[in-house]
Amino acid sequence: MSLSSQQNFDFLIKEEPINYKELLGKYLPFWPWFILSVLLSYGGAFLFLRYTPNIYKTEAKIKMLEGSQKSAVALELSSLLNQGNLKLENDIALFKSYKIAEKVVRNLDLNVTYFTQGQFSLRQEFDAPFRLHFATSKGELNKTLSFKVTPRNAGYEITNTQNGKSIQTKGFTFLNPTSDFPIYLEPNQFSKQKLIKDLEYEVKVTPVSNAAKNLSNSLTVETDGKSSDIILISLQHPDGPQAQKVINNLIRVFEEDGIQDNQLVSKRTIEFVDERFKYISRELIDIEVEKRNYKKNNNLSFVEGDVASSIQLKSTKEQALFEIETQLLIAKMLKENLNSQKGLELLPSSIGIQNANVNESIARYNSSVLEIEKLKSSAGINNPAVQIGLKQLGDQKNIIINSINDYYKQLQTTRNQNNIAEINASSSFESMPEKERVLRDIDRQQKLKESLYLLLLQKREEASISLAITQPNTKIIDYAISDETPIFPKKQTIFLLALLIGLAAPICVIYLIHLFDNKIYLANDIEKINKVIPILAELPSYLSGSEFEEKESLVQNLEAFRTLAHNTEFVTPYQENKQGKIFFVTSAIKGEGKTFVAYNLANAYAYLNKKTLIVGCDLRNPQLHKHLAESRKSNKGLSNYLYDGSIQWQDLIINKQVDEYSFDVLLAGDIPPNPTLLLSSERFGELINDSKSIYDIIIFDTPPTLLVTDSLIISKYADTTIYVTRSGVTDKELIKYSSKLFQDKKITNMGYLVNDIHFKRSYGYGYNYNYSYNYGYGYGYGRDVEKSSWVKSITNIVSKKRKKS
């Protein structure tokens with residue numbers, strides 16, 4: 001059956017379903033790579049786990065308490081305005097603030113780290129047998145210092161790693177810092193480790209600011225749920241006890257900061273009362289002097305009471321007027337204090353103002369001032385929340401001032417009314433001497449100042465008691481607790497990841513190899529590119545080795561070419577009593593094995609009792625003579641016949657005897673300067689016609705089609721063109737090129753042959769045949785020997801076989 005030249009030719013690669021067997025076959029031959037990769041990955045994982053310190057999570061729970069100075073109404077109002085969440089956010093920001101972190105660093109000396117040399121790297125020690133401190137008298141540290149401390153018999157040997165200078169201490173205490181060693185060194189009484197002689201410690205002292213920033217960044221502070229007022233403080237650290245110390249100290253510093261804020265209000269109240277004491281004391285003295293002088297000047301000693309009813313009525317009015325005057329003085333003092341403030345300062349609270357609105361506004365204002373101060377320390381003055389809070393504080397202050405003004409006007413109105421009532425009550429005392437009335441006015445002023453003095457003294461005592469009370473604004477639910485299981489590294493996860501990496505790495509490498517590999521290896525590769533031109537055969541590689549293996553490969557080689565000879569019948573069937581068939585054996589480039597295929601195909605046809613002629617038609621690079629162990633220069637051939645009209649090609653024939661069968665060989669001859677011109681001559685056509693009448697099979701070893709046009713010029717004479725490709729050598733683009741030649745009808749009746757296949761490697765297609773004899777071809781250009789050595793091996797085996805026979 002021959003291929004029709006009119007047949008539609010489709011070069012488009014159609015999308016086909018995934019061949020999982022083929023896909024699996026691409027990776028299975030590389031199973032040693034997978035095992036090696038997995039072993040290396042597991043080894044890396046083991047080393048990683050061996051030398052990576054475990055990280056533990058330490059967590060504490062605390063509940064934030066509202067200030068006791070807030071009323072139930074104020075708390076409910078804060079809840080409605082969602083100010084509770086805002087306060088929690090402020091508390092969280094304060095926990096992570098630089099201010100708090102700096103105090104913790106200084107308390108625990110977190111800016112000093114200790115290391116000992118491990119097997120491959122430095123190992124941090126959290127319980128060193130000595131403590132090192134930076135000498136603060138040398139100023140604030142602004143760069144990292146590093147020292148090596150080695151205990152000796154008589155003391156420490158300290159080395160400054162920056163300048164290499166060393167000193168030897170007398171004893172195990174160093175309290176005399178110098179410019180090169182601005183440190184203190186003393187034993188750690190709380191350490192559980194013993195001091196080991198000659199064990200070298202490396203100690204690094206970093207600036208407190210850097211350590212505080214690192215601590216602030218490493219802390220995780222969050223609420224335990226959206227609507228919860230419980231705060232979770234966690235720290236991931238390689239040493240659980242050290243992390244517990246850090247978190248517990250952080251909570252203590254936070255509580256102390258809150259207590260200090262609460263005490264600021266009491267301190268401000270005491271300061272206010274102390275200032276007012278000075279003025280009231282002077283006023284009382286002045287009133288006493290005035291009263292004494294008045295009595296002395298008017299010869300007064302004691303005045304009897306008037307009528308009981310008149311006295312009672314007047315006393316009632318006077319008492320009311322006295323209370324009003326007291327409130328007016330307190331309101332005036334508070335108003336003067338507000339007006340004298342230049343910034344946002346705390347206001348004195350609970351000083352005797354009998355107005356709930358004013359007292360509540362002052363308490364809310366003081367609470368807001370403290371919260372804004374905390375937010376400023378953690379977020380900065382330019383924070384939008386701080387700016388909004390400052391504006392709100394200004395509004396609250398204006399509200400307080402307006403409230404006091406309104407209250408002051410109300411008191412004045414009430415006082416005026418009481419003055420009128422008192423005047424009416426005093427009309428009954430017109431008969432009372434004027435001196436007695438004046439004296440009563442002086443007594444009233446004296447009592448007023450005395451009562452105010454006593455009131456302020458009472459408020460001062462109350463503020464002092466509040467100052468002495470150190471109630472924290474937090475309730476500790478759980479102190480810092482470290483997990484027993486490390487959160488990193490997790491062994492199961494690391495080993496699982498190592499397994500995945502161990503499997504994925506070879507897969508990626510193999511995938512990239514296949515992705516960038518543009519060579520053909522099996523017939524399947526050609527069929528993916530071209531589905532029209534048939535595949536005539538797949539020829540295995542020749543396996544060199546022992547004599548037995550070489551004999552087996554020879555048998556496989558002969559069987560492979562006999563199969564090729566049979567398969568060519570499907571392209572151009574052989575007909576008895578007809579002229580011989582012309583076979584052109586060509587390839588795209590040199591080195592793909594076309595000469596060897598042509599020679600062995602002739603051998604196979606001779607074995608099938610076909611009268612066979614093989615012609616070396618590659619006049620530019622003849623190779624056929626190597627298979628006959630002949631010298632190219634000493635044998636004339638096709639080129640001599642085409643050039644010299646007196647020479648007959650029959651005279652140039654060499655008979656090749658192989659066992660009991662033989663075939664004829666016409667070598668290429670001398671290399672001519674114009675091979676194309678010779679092949680285009682009439683004598684080449686005469687050779688074709690004459691040989692077809694004599695031989696059953698005529699095989700031409702033609703030049704590569706991509707390099708020269710010789711094969712295309714004479715392709716019209718071919719009944720069948722065997723296009724040789726080589727596994728692992730022929731590029732896929734060359735398959736497209738050869739298919740284009742067929743499409744353009746420059747080559748007819750073409751069939752592909754895949755040469756030099758190493759089936760034991762399978763090339764990812766699932767082939768792993770043992771080619772003994774069931775289509776067990778074994779041929780080719782040995783992968784690790786030259787092409788000529790293959791021919792020599794076959795020649796030697798044939799010679800040995802002849803000798804034995």
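For the structure itself, consult the block above.
Residues numbered from 1 in each chain as written. Predicted model: local features only at pLDDT ≥ 70, side-chain atom pairs only at ≥ 80, totals over all residues. Heavy atoms only, no water.

Help me understand the pattern of salt bridges, please; the structure alone is not making it clear to me.
It is possible for side chains of opposite charge to pair when their charged atoms get near one another. Applying the stated rule across the entire model yields 19 salt bridges. Taking the shortest distance from any N to any O, the salt bridge between Glu 59 and Lys 57 comes out at 4.0 Å. What makes Lys 57 partly exposed here is its relative accessible area of 30%. The partner of Asp 180 in a salt bridge is Lys 165, with the nearest N and O atoms 3.2 Å apart. With a gap of 15 residues between them, Asp 180 in the loop between strand 7 (166-168) and strand 8 (183-187) and Lys 165 in the loop between strand 6 (156-160) and strand 7 connect regions that are remote in the sequence. Given the relative accessible area of 24%, Asp 180 is considered partly exposed. Here Lys 165 falls in the partly exposed class, since its relative accessible area comes to 42%. (Salt bridge = Lys/Arg side-chain N within 4 Å of Asp/Glu carboxyl O. Buried < 20%, exposed > 50% of the residue type's maximum accessible area, 1.4 Å probe, protein only. Helix = DSSP H or I, 4+ residues; strand = E, 2+ residues; numbered from the N terminus.)

I'm lost on the packing of aromatic side chains in this one. Help?
Think of a pair of aromatic rings as described by two things: how far the centres are apart, and how the planes are tilted against each other in angle. What the rule picks out here adds up to 18 aromatic pairs. Note on Phe 583 and Tyr 605: the rings are 5.6 Å apart at their centroids and 40° apart in plane angle, and the pair reads as tilted. Pair noted here: Phe 583 is in strand 14 (residues 581-587) and Tyr 605 is in helix 15 (residues 594-607), with a separation of 22 residues, a long-range link. On the basis of relative accessibility, which here comes to 0%, the residue Phe 583 falls in the buried class. Taking relative accessible area as the criterion, Tyr 605 reaches 1% and is therefore assigned buried. Measuring from centroid to centroid gives 6.0 Å for Tyr 723 and Tyr 752, while their planes differ by 80°, and the two rings are edge-to-face. Of this pair, Tyr 723 sits in strand 19 (residues 720-726) while Tyr 752 is found in strand 20 (residues 750-757), placing the two residues 29 residues apart along the sequence. (Phe/Tyr/Trp six-rings, centres within 6.5 Å; stacked < 30°, edge-to-face > 60°.)

Sorry if this is basic, but what is going on with helix 19 (residues 682-694) here?
Turn by turn, an α-helix covers 3.6 residues, leaving residues three or four places apart pointing in a common direction. An ideal rise of 1.5 Å per residue puts 18 Å on 13 residues; helix 19 measures up with 19 Å between its terminal C-alpha atoms. Every buried residue of helix 19 is accounted for by Arg 683, Phe 684, Gly 685, Leu 687, Ile 688, Ser 691 and Lys 692. (Expected span 1.5 Å × (residues − 1).)

Whenever I open this one, the pairing of strand 5 (residues 145-151) confuses me. Can you help?
The element strand 5 is largely enclosed, with a buried count of six among its seven residues. Pairing analysis gives five bridges linking strand 5 to strand 6, with the strands arranged antiparallel. Residue pairing for strand 6: Lys 148 is matched across the bridge by Thr 159. (Pairing = 2+ DSSP bridges.)

Please clarify how the sheet that holds strand 15 (residues 612-616) should be interpreted in this entry.
In a beta sheet, neighbouring strands pair by backbone hydrogen bonds and run either parallel or antiparallel. Ordered in space as 13-20-19-14-18-15-17-16, the eight strands form an open sheet in which the pairing is mixed. Of all the strands in the sheet, the pair left with one neighbour each is strand 13 (535-540) and strand 16 (654-658). The sheet shows a mean angle of 25° between the axes of neighbouring strands, taken without regard to direction. Taken together, the four bridges between strand 13 and strand 20 define a ladder with parallel strand orientation. Paired with Ala 537 across the two strands is Leu 753, which belongs to strand 20. Contacting strand 19 and strand 20, helix 21 (residues 732-743) crosses the sheet at an angle of about 160° to strand 20. (Axes fitted to C-alpha atoms, helices over the stretch in contact; angles between N-to-C directions. Contact = heavy atoms within 4.5 Å.)

Quick question: what am I supposed to make of a nonpolar patch on the surface here?
Together, Leu 496, Leu 497, Leu 500 and Ile 501 make up a nonpolar patch on the protein surface, roughly 380 Å² of accessible area in all. Relative to the helices and strands, Leu 496 resides in helix 12 (residues 491-516). (Patch = residues over 30% accessible without salt bridge, like charges linked within 9 Å, V, L, I, M, F, W, Y side chains within 5 Å. Areas by Shrake-Rupley, 256 points an atom, 1.4 Å probe, with all protein chains shown as cover.)

Where do I start with unusual backbone geometry in this structure?
Glycine aside, negative phi is the norm for most residues, and most peptide bonds take the trans geometry. Residue Pro 489 follows Phe 488 across a cis peptide bond; omega there is -10°. Along the polypeptide, Pro 489 turns up in the loop between strand 12 (474-482) and helix 12. Despite not being glycine, Asp 109 has its phi angle at roughly 55°, a positive value. Tracing the sequence through the fold places Asp 109 in the loop between helix 5 (98-108) and strand 2 (112-117).

How should the sheet that holds strand 1 (residues 56-64) be read in this particular structure?
In spatial order, the strands read 10-11-1-12; together these four strands make up an open sheet with antiparallel pairing. In this open sheet, the two strands that pair with only one neighbour each are strand 10 (219-223) and strand 12. Strand-to-strand, the axes of this sheet are offset by a mean angle of 15°, without reference to chain direction. In terms of strand pairing, strand 10 meets strand 11 (residues 230-237) through five bridges, oriented antiparallel. Paired with Thr 220 across the strands is Ser 234, a residue of strand 11. Docked against the sheet, helix 6 (residues 208-218) engages strand 10 and strand 11, running at close to 40° with respect to strand 10.

Quick question: what am I supposed to make of the nonpolar core here?
A general tendency of soluble globular proteins is for nonpolar side chains to be buried together. By size, the foremost hydrophobic cluster in this structure holds 33 residues, and its most contacted members are Ile 614 and Ile 699. A per-element tally of this core places helix 15 first, with nine residues. The residues contacting Ile 699, other than those within four sequence positions of it, are Phe 583, Val 585, Ala 598, Leu 601, Ala 602, Tyr 605, Thr 612, Leu 613, Ile 614 and Val 615. Within the second largest apolar cluster, 32 residues are counted, among which are Ile 324, Val 369, Leu 393 and Leu 456. (Core = buried A, V, L, I, M, F, W, Y, C linked by side-chain atoms within 4.5 Å.)

I tried to follow the environment of Lys 61 on my own but got confused; where do I start?
Assignment of secondary structure puts Lys 61 in strand 1. Here the alpha-carbon distance between Lys 61 and Asp 478, two residues 417 residues apart in the chain, equals 4.9 Å. The contact partners of Lys 61, leaving out residues within four places of it in the chain, are Asp 224, Ile 230, Ile 231, Leu 232, Ile 476, Ile 477 and Asp 478.

Just to check I follow, could you spell out helix 2 (residues 31-51) for this structure?
Under the 1.5 Å per step criterion, the end-to-end length of helix 2 is 30 Å for 21 residues, consistent within 8% with the ideal 30 Å. Inspection of helix 2 places Phe 34, Ser 37, Val 38, Ser 41, Ala 45 and Leu 49 among the buried residues, and these make up the whole buried set. Buried residues in helix 2, looked at end-on, bunch into an arc of 105°, giving them a common side. Structural note: helix 2 exposes Leu 39, Leu 40 and Phe 46 on the side pointing more than 90 degrees away from its buried face. The inward-facing, buried residues of helix 2 abut helix 1 (20-27) and helix 12. (Arc of directions from axis to C-beta.)

In this structure, what is going on with the side chain of Thr 720? I would like to understand it.
Within the fold, Thr 720 resides in strand 19. A relative accessible area of 1% means that Thr 720 is categorised as buried.

Any chance you could explain the packing of helix 2 against helix 12 here in plain terms?
The axes of two packed helices give the description: the angle between them and the distance between them. It is the contact of helix 2 with helix 12, at a shortest axis distance of 8 Å, that shows an interaxial angle of 145°. Two packed elements cross with a definite hand, and for helix 2 against helix 12 that hand is right-handed. Each residue belonging to the contact of helix 2 with helix 12 can be placed in one class, and the counts come to 20 nonpolar, three polar and one charged. (Left-handed = near helix turned anticlockwise from the far one by under 90°. Nonpolar A, V, L, I, M, F, W, Y, C, P; charged D, E, K, R; others polar.)

Where do I start with the environment of Leu 145 in this structure?
The residue Leu 145 is located in strand 5 in this model. Residues Leu 145 and Gln 162, 17 residues apart in the sequence, show an inter-C-alpha distance of 7.5 Å. When sequence neighbours within four positions are dropped, the list of residues in contact with Leu 145 reads Phe 134, Gln 162, Pro 182, Val 203, Lys 204 and Val 205.

What exactly am I supposed to notice about the pairing of strand 9 (residues 201-205) here?
Side-chain positions along a regular strand alternate between the two faces of the sheet. Of all five residues making up strand 9, four are buried, and the element is well covered by its neighbours. As paired strands, strand 2 and strand 9 are joined by five bridges and run antiparallel to one another. Residue pairing for strand 9: Thr 116 is matched across the bridge by Tyr 201. Bridge count for strand 5 against strand 9 is five bridges, and the pairing is antiparallel.

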